[in-house]
Amino acid sequence: AMEKPVIPTEEQLEILEYHFCKVNKHPDPTTLCLIAAETGLSEEQTLKWFKQRLAEWRKSEGLPSESGSVRD
């Protein structure tokens, strides 16, 4: 069963995009917890969003959507 993608509100998206683009594409659990608190999403949803976003970003950079050992 395909999991439904997370659809954040515009406000949540701004926060998520800011963190993704300016802070860290791979937030650690502490950061993830803070982002979740800031957006009001669950940590699970936040993590899922980052994974989706990372896959999109990698595709746009012409990289495989799943990262191997290389991080950015």
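Everything here concerns the structure above.
As the structure is a prediction and not an experimental result, all values here were calculated from the model. (Residues numbered from 1 in each chain as written. Predicted model: local features only at pLDDT ≥ 70, side-chain atom pairs only at ≥ 80, totals over all residues. Heavy atoms only, no water.)

(A) Quick peek at the nonpolar core. By size, the foremost hydrophobic cluster in this structure holds 10 residues: V6, L16, F20, L32, I35, L41, W49, F50, L54 and W57. Among the secondary structure elements, those contributing two or more residues to this core are helix 1 (10-23), helix 2 (29-39) and helix 3 (43-60). With four residues, the top contributor of residues to this core is helix 3. Aside from chain neighbours lying at most four places away, what touches L41 is V6, Q12, L16, A36 and T46. (Core = buried A, V, L, I, M, F, W, Y, C linked by side-chain atoms within 4.5 Å. Buried < 20%, exposed > 50% of the residue type's maximum accessible area, 1.4 Å probe, protein only. Helix = DSSP H or I, 4+ residues; strand = E, 2+ residues; numbered from the N terminus. Contact = heavy atoms within 4.5 Å.)

(B) View of the pattern of salt bridges. Following the criterion strictly, the structure yields one salt bridge and no others. Two residues, R53 and E17, come together in a salt bridge whose shortest N-O distance is 2.8 Å. Within this pair, whereas R53 is found in helix 3, its partner E17 is found in helix 1, the two being separated by 36 residues in sequence. According to the relative accessible area criterion, R53 is buried, its value standing at 16%. With a relative accessible area of 25%, E17 lands in the partly exposed category. (Salt bridge = Lys/Arg side-chain N within 4 Å of Asp/Glu carboxyl O.)

(C) Up close: the packing of aromatic side chains. Considering all chains together, one arrives at three aromatic pairs under this definition. With 5.3 Å between their ring centres and 85° between their planes, W49 and F50 make a pair best called edge-to-face. Judged by relative accessible area, W49 falls into the buried class, the value being 5%. Given the relative accessible area of 3%, F50 is considered buried. Across the ring face of F20, the terminal group of K25 is positioned such that the distance to the ring centre comes to 5.2 Å. Note that K25 overlies the ring of W57, its terminal NZ or CZ placed 4.8 Å from the centroid. (Phe/Tyr/Trp six-rings, centres within 6.5 Å; stacked < 30°, edge-to-face > 60°. Lys NZ or Arg CZ within 6 Å of the ring centre and 35° of its normal.)

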